[in-house]
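Per-entry structural report
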Amino acid sequence: MITIATTRSESRGAASPAEHITVELRGELDIDSTAIIEPTLAALARSGPAELRLDLGALAFCDTSGINLFLRLQHRCARTRTTLVLTGVRGQPARVIRLVRLHRTIVCRFMAPPAPRHGAPGVARALEPASTPARAGATRP
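An account of the accompanying structure is given in this report. Just so it is clear, the model here is predicted, and its values are computed rather than measured.

The next subject is the pairing of strand β4 (residues 83-89). Of all the seven residues making up β4, six are buried; the element is thus mostly covered by neighbouring parts of the structure. Strand direction decides the pairing type here: strand β3 (residues 51-62) and β4, joined by five bridges, are parallel. If you follow Leu 54 over to β4, its bridge partner there is Leu 86. Crossover handedness for the path β3 to helix α2 (residues 64-79) to β4: right-handed. Relative to strand β5 (residues 107-110), β4 is paired through three bridges, and the arrangement is parallel.

A separate point is the pattern of salt bridges. Across all of its chains, the model carries four salt bridges by this definition. Across the pair Glu 38 and Arg 72 runs a salt bridge, and its minimum N-O distance is 2.8 Å. Highlighted residues: Glu 38 in helix α1 (residues 31-46) and Arg 72 in helix α2, separated in sequence by 34 residues. The class of Glu 38 is buried, set by a relative accessible area of 15%. The salt bridge involving Glu 51 is made with Arg 53; its shortest N-O contact spans 2.3 Å. One network of salt bridges, with partners in common, ties together Glu 38, Arg 72 and Arg 76.

Our focus in this paragraph is helix α3 (residues 91-99). Within α3 the residues assigned to the buried category are Gln 92, Pro 93, Ala 94, Val 96 and Ile 97. After α3 finishes, the residue Arg 101 shows a positive phi value of roughly 60 degrees.

This paragraph deals with unusual backbone geometry. Located in the positive-phi region is Arg 81, a residue other than glycine, with phi close to 55 degrees. In this model, Arg 101 sits at a positive phi of 60 degrees, which is unusual for a non-glycine residue. Along the chain, Arg 101 turns up in the loop between α3 and β5.

Our focus in this paragraph is α2. Here α2 contains 16 residues, and its C-alpha end-to-end distance of 23 Å stays within 8% of the 22 Å for a straight helix at 1.5 Å per residue. Those residues of α2 lying buried are Ser 65, Gly 66, Ile 67, Leu 69, Phe 70, Leu 73 and Cys 77. Of the surrounding elements, those touching the buried residues of α2 are β2 (20-29), α1, β3, β4 and α3. The backbone nitrogen of Ser 65 lies 2.9 Å from a side-chain oxygen of the residue at the head of α2, namely Asp 63. With its phi angle positive at about 55 degrees, Arg 81 sits one or two positions after the end of α2.

What counts, and where the lines are drawn
Sequence order as written defines the numbering, with residues in each chain counted from 1. Local features in a predicted model are, by the rule used here, given only for residues with pLDDT of at least 70; side-chain atom pairs are given and counted only at 80 or more, and totals for whole chains, interfaces and linings are based on all residues. In computing side-chain values, all of the structure's heavy atoms are included and hydrogens and water are not. Only protein chains enter the accessibility calculation, which uses a 1.4 Å probe; a residue whose area is less than 20% of its type maximum is buried, one above 50% is exposed, and one in between is partly exposed. A run of DSSP states H or I qualifies as a helix once it reaches four residues; a run of E qualifies as a strand once it reaches two. Both are numbered from the N-terminal end. A pair of strands is considered paired only if DSSP assigns at least 2 bridges between the two. If the strands point away from the viewer and the path from the first strand over the helix to the second runs clockwise, then the crossover is right-handed. Any carboxyl oxygen of Asp or Glu within 4 Å of a side-chain nitrogen of Lys or Arg constitutes a salt bridge here. Each residue after the first adds 1.5 Å to the expected span of a helix. Throughout, a residue-residue contact means that at least one pair of heavy atoms, one from each residue, lies within 4.5 Å. Here a polar contact is recorded for every N or O atom pair within 3.5 Å, except that within protein the pair must consist of a potential hydrogen donor and a potential acceptor, and residues adjacent in sequence are included only if both atoms are side-chain atoms.

This is how it looks when you write it as structure tokens:
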């Protein structure tokens, strides 16, 4: 299940389109949920904001259906000269986006990983290989 929440930033002129629209996606973006939300996202793209932002900060999962949705939406946005921006990209969706190199086609704003807590072992220390015992019959210099 996925939920969306839309925030519209109004421009100063009453007759002109919004400067940007932010859509917050929550939950899992898979084949079922993309079919449900695509008409709404397409309508928002057609409304012609300067920028359509998809906030993925609360998105827990994204498969290739979600990636294809982003590409179709990018195409629709290009028709109305709207910039599509994926914001708050983190976790599993960030890994998939980087894997398929979507960030080279669509503007992506990745969230930094959380800093280690004080007193917790540092990343370098956690990644150090454990000392391995010498094999039987091996000689040491």
